[in-house]
Structures are given as C-alpha cells and as structure tokens.
2 protein chains.
Amino acid sequence: MVTSYSGLPNKLLSAPNGIDYAYRDAGQGDVPLILLQHFRGNLDNWDPALVDALATARRVVAFDNAGVGGSTGTTPHDIGPMAHDAIAFITAMGFTRADILGFSIGSFVAQEIALIRPDLPRRLILASAAPKGADGIHGWPPEVIGAVGKPETSPGEYLGVFFTSSAASHQAGQQAMGRMYARTEDRDKPTTWSTREAHYDAVCTWGIPDHAALQRLSAITHPAFVANGDSDPMIPPRYSHLIAGLLPHATVKIYPDAAHGFLFQHHAEFAADVTGFLDGSGSPA
Amino acid sequence: MVTSYSGLPNKLLSAPNGIDYAYRDAGQGDVPLILLQHFRGNLDNWDPALVDALATARRVVAFDNAGVGGSTGTTPHDIGPMAHDAIAFITAMGFTRADILGFSIGSFVAQEIALIRPDLPRRLILASAAPKGADGIHGWPPEVIGAVGKPETSPGEYLGVFFTSSAASHQAGQQAMGRMYARTEDRDKPTTWSTREAHYDAVCTWGIPDHAALQRLSAITHPAFVANGDSDPMIPPRYSHLIAGLLPHATVKIYPDAAHGFLFQHHAEFAADVTGFLDGSGSPA
C-alpha cells in the first residue's frame, strides 16, 4: 500500500555541511525527482495530489533547504548559496544524478544548480520561473508582496496570488489548500520571518536588471520543461517564454486560467506532462 | 463585390527615394495592415486565402521592397536599409500609422522599423520571427538553404520547408500553392538571384551571435503578436518564445503540426487571431 504524501513521515538527514535537512521521501525509482519549494514554503506547502501523482512513476523527494521550516541552519540571502545548500542535501542523500523540479524561487535555485554543478541534474522542470537579470522583475508588484509577504498571511491572500479570480480556479485553490491542511499531525515547522526576509532579498537580487546575465542560460544544455500559469501575478508567463527561448533544449507550456499555483490547480495534467517529459515520451502538449 | 487578392491589379508607386514600388491593395479601413514578405518572396507568394481573410476587416497592403520582384532599385544586403526602404514605401502611400505583419525576413524588417521609427507602427505581428543576435540562427540548416536557396527551387522543396511531412500539412501546402498559382495573368516579376544573395547575406548578418543585441527588443513597446509553426525547420519556435519574452507587451502562439508556412496552412485561424489582436479584442488563444 502506497502512503500519500500527506501521511509520509518527516525525516531528517545530517549532511557533511552541518545542516540537518528535513525531507519527505515518496515513491520508488532509479533517478529521483527533487522538489525545490517556493517563497516561504515548507514541506506542507506541496499539494499532496501533485506529489502523489508524480510518485506513481518515480521516487520524489521534497526537502526544506537550509534554514527553512524543519531544517537547521540559516536561510541565505542569495540564490547561489541556496544552490550550494541544495546540492549538499542531494549529494548527502547519495544521489549522483537527479531530475530537479524548481517552483518559483525554487526554479531560480534549480537554474543555479544546473550552472554550478551541471553533471548533477538529468532533466529540469522550471515552474513559475524567471531568469536572473530579466527586465521588469526586480521584486514583485506591491499587491503580490503585500499579500504573501506579510508577517501573517491569510488563506484569501494565498489564494489571490496562487489562483485566479475565476470560479474554477478559486475552487481548485480551496481544494488544494484543503489537501495541504488535511495533515494535522507531524506537520512541518513554519518558516520564520528571517527566512521570509532572506528569500525576498534573494528574489530582488535575482531580479536586478542585468541583460548580460540572461546569457547564462545558454550554458544550461539539459532538457528542460518550462511551465507557467497564464495569469500569474507573481511571475508572468513572459518569463517562461524568455527562459524557453534562451535555453537550447526547452519546451514550454502555459496552463490556462491559472496563476502562480498552476501546478496545484492543474495537478493531474501537470504531473502527466512532467512524467512524459522525464520519461522522454515527447513534449508536453 | 470584393475582389480576391488573386485578382487584384499590380499597382506601382513612385516614392521620393526614386524607387517604383509594386504593390497590391486590398480591403478598406483606417489603419492599414502592411505585409512584409519572406526570403525571395514576391507579391504572388502571399496566400490569397490569408490576405482575403485579413482584408474582410481592414485595408491590407502587400508590396515588393526595393529591388524585389516588380519593384525597381537594388535589394540591400542588410535589414537596416530594407527597413528604410519599407518606411519609404509606407510613408509614400500617405500612411502615418500602420499595423505591420512581418513574415520571416519580413519580421526582421518589421522589428527594425519599430526601432528606427517607433511612431509608425501601431501594432506588430511577427510571424516565423527571430531576434537580431540570437544564438544558433546564423543562417539556416544545410537542408533548408539547400532547398529554398537554390537557383531554381521546386514545389517539393518549397513544401518541405513551409509545411510538415504530415498528410494534413502536406495537403494544406498543396492547396496553398494551388491558390498562389491560380493567378495566371499579370503575375509579379520573379525575384532575382541578386535578391536571393542579398536576402541571405541579410539573414546571416542578422544571425551573427550577439547576446547584447537581444536587449534591442526591450525598446519595442508596441503590442505584438508573435506566431510560429511548432515544427519550423527554418526558424524554430524557440525564437518566437525568445522574442515574446524580450518584448514588453507580446503574446505568443505556436500553431500545431506546422512549419515555416504555418500562416498559410492555418490561414483562417491565423487571420482570426490577427484580426482579434488588431481589434484589441483579447489575446489569441
């Protein structure tokens, strides 16, 4: 019997860098899929429906990066050190090659991992992503950071950024939150205000306009699947097109009537697209 | 009674720059839509079905740029002078503001027009387009230039680049060619080998890798619709994503099972998308 992500135990891995990493380990397979979480997110912020769908076909590992949620250490203020912290976890797990799914700030970390240690990733999934230095994304619009950047955020503010105002998307958002909050025991530790500050420093630093930095993506030769919601107020789909245009081997898909949380709203379709991409059975369509 | 594009007379406009421009003028409306043709193409290489569909909603003007087909003058070896030649035609027609649809090399010219004279275009449609300096498009693959770059090209070679190998696309290609060749009288003058050489010099010059040049697109603030075939061997869709990511106000659409001639294959859908875009009634979907 397969345990749903919502029932998996929190595990702890002591890595050589001195960090104890909190993680959850789902499914089975040779090449694991590593999940890199969004701004201020911890293990409980992955939609179990998505992880379960992904884990039917492969091993899926979600973890808290250094300083986040149940992991020890300090959250760095820049993407580079976050990538080193993530590499330390992945290698301490014994993985020499992994597929990597980065979501939002996690997609920034995924790009950095691919540049710092190109032999580690096999394939990349960049969800709600933007490239370093892209014009017009130096931090998020006031209404976005004003909602999800507050000391205490509400479900309504989360829904307003991760889902659209349509009835269908709103309902999908409520269902996703219901799945995330169904777990009542052994929940992950909440992320701190220090993590929030460090994360947003890193987001703003990533977004300092620097056209030359866009060329970095030409060095990421891994097959990549770039995906975005069509109405994402946090990272508009324009940046997914930009990434897909700069990466030598990328496909891009924009999901309809969806915002930052498109991968939770369209969890079945997105999981099927990711599975097809990782299995090499053609481009998502 | 509306005359189809295939029955329109060839007209001649003497512009102040000394060039006599061959053109055809279809439909009626305030802001005209100017068509900029592909590599080696003349007035007869626009699919009448596409022009007719576009001209139901607006005035549509196709012309031969300097040195091409029925126009006098010499075809320049670079996109910049081609843009000046096109601006000379458009302004000599008395247009102070126009929508511009550039196809392939015509899309390069359209981008240059928007940069040289930003007040002239109202909205831009970039079909089978690539930005100046993009990596990996320094001329076309041997099988492409070997087919459409020969002194005499065959219908089969044209079909092989402009349509895919699927039965549906191949059939659409044969139908499009049938429409183009239905006109037997007053056809445009064929383009010369000098035009072919100049066009390909310009294509290769446009494709000299120059990452910094990509930043030029940030200055094109016009609303833009970027469109491509999903299987274009001449200009892969990656470059349309790149353009749409670099332009501040662009939407992108990739047409299925289609190559360089996606806009002829999907003429009804593309015309409807262009009409919706130009009328401001939302993004193509």
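Since this is a predicted model, take the numbers as computed values, not measurements. (Residues numbered from 1 in each chain as written. Chains lettered and ligands numbered in written order. Predicted model: local features only at pLDDT ≥ 70, side-chain atom pairs only at ≥ 80, totals over all residues. Heavy atoms only, no water.)

Q: Hey, could you go over the interface of chain B and chain A for me, with residue numbers and the actual values?
A: If you look at the interface, chain B gives 14 residues, while chain A gives 14 residues. Counting the surface lost from both chain B and chain A, the interface buries some 1200 Å², and carbon and sulfur atoms represent 62% of this. When the buried area of chain B at its contact with chain A is split by residue, H211, R238 and H241 of chain B rank highest and sum to 48% of it. Our count for the contact surface shared by chain B and chain A stands at zero salt bridges. Taken together, the connections running from chain B to chain A amount to nine residue pairs in polar contact (both at pLDDT 80 or more). With six residues, helix α8 (residues 238–246) of chain B is the single largest residue contributor to the side of chain B that touches chain A. Considered class by class, the residues forming the side of chain B that touches chain A number eight nonpolar, five polar and one charged. (Contact = heavy atoms within 4.5 Å. Buried area = accessible area lost by both parts, 1.4 Å probe. Salt bridge = Lys/Arg side-chain N within 4 Å of Asp/Glu carboxyl O. Polar contact = N/O pair within 3.5 Å; in protein donor to acceptor, adjacent residues only side chain to side chain. Helix = DSSP H or I, 4+ residues; strand = E, 2+ residues; numbered from the N terminus. Nonpolar A, V, L, I, M, F, W, Y, C, P; charged D, E, K, R; others polar.)

Q: An account of the relation of the copies chain B and chain A is requested, with residue identities and associated values reported.
A: Expressed as a screw transformation, the operator carrying chain B onto chain A has a rotation angle of 180° and an axial translation of 0.0 Å, and the superposed copies differ by an RMSD of 0.0 Å. The transformation just described matches what one would write down for a two-fold rotation axis. Of the interface residues in chain B, 93% have counterparts in chain A that sit at the interface too, so the contact is made through matching surfaces. (Least-squares fit on C-alpha atoms with pLDDT ≥ 70 in both.)

Q: Give me the side chain of D232 of chain A: which residues, what numbers.
A: Residue and element names in this part refer to chain A. Here D232 is to be found in the loop between β7 (224–229) and α8 (238–246). Although D232 is buried, it makes no salt bridge; R238 carries the closest opposite charge, 13 Å away. Here M234 takes part through its backbone nitrogen, which lies 2.8 Å from a polar atom of the side chain of D232. A polar atom in the side chain of D232 sits 3.2 Å from the backbone nitrogen of I235. If sequence neighbours within four positions are ignored, D232 has contacts with S128, P237, A258, A259 and H260. (Buried < 20%, exposed > 50% of the residue type's maximum accessible area, 1.4 Å probe, protein only. Lys, Arg positive; Asp, Glu negative; His and termini not counted.)

Q: Can you lay out the side chain of H241 of chain B for me, pointing to particular residues and giving the numbers?
A: Looking at the element boundaries, H241 of chain B is found in helix α8. Separated by 2.7 Å, the side chains of H241 of chain B and H241 of chain A make a polar contact. Aside from chain neighbours lying at most four places away, what touches H241 of chain B is H241, L242, A244, G245 and V252 of chain A together with V252 and I254 of chain B.

Q: Account for the packing of helix α2 (residues 79–92) of chain A against helix α3 (residues 105–116) of chain A, with residues named and values stated.
A: Residues and elements named next belong to chain A. Across the interface, α2 lies against α3 with an axial gap of 8 Å and an inter-helix angle of 75°. Taken together, the axes of α2 and α3 lie roughly perpendicular to each other. Of α3, the residues touching α2 (which contributes I79, G80, M82, A83, H84, A86 and I87) are I105, F108, V109, E112, I113 and I116. Taken together, the residues of the contact of α2 with α3 sort by class into ten nonpolar, two polar and one charged. (Axes fitted to C-alpha atoms, helices over the stretch in contact; angles between N-to-C directions. Parallel < 35°, antiparallel > 145°, perpendicular 65-115°, else oblique.)

Q: Explain unusual backbone geometry to me, and be specific about the residues and the numbers.
A: One can expect most non-glycine residues to show negative phi and most peptide bonds to be in trans. Residues and elements named next belong to chain B. Unusually for a residue other than glycine, S128 sits at a positive phi of about 50°. By the element assignment, S128 lies in the loop between β6 (121–127) and α4 (142–148). With a phi angle near 45°, D257 is a residue other than glycine that sits in the positive phi range. Among the secondary structure elements, D257 is positioned in the loop between β8 (250–255) and α9 (262–265).

Q: Explain the packing of helix α3 (residues 105–116) of chain B against helix α7 (residues 193–206) of chain B residue by residue, including any values.
A: Residues and elements named next belong to chain B. In the contact formed by α3 and α7, the axes pass within 11 Å of each other and the chain directions differ by 60°. As the angle between them shows, α3 and α7 are arranged oblique. You can see that α3 and α7 cross each other, and the crossing is left-handed. Here I105, F108, Q111 and E112 of α3 lie close against α7, whose contacting residues are H199, A202, V203 and W206. Split into classes, the residues belonging to the contact of α3 with α7 amount to five nonpolar, two polar and one charged. (Left-handed = near helix turned anticlockwise from the far one by under 90°.)

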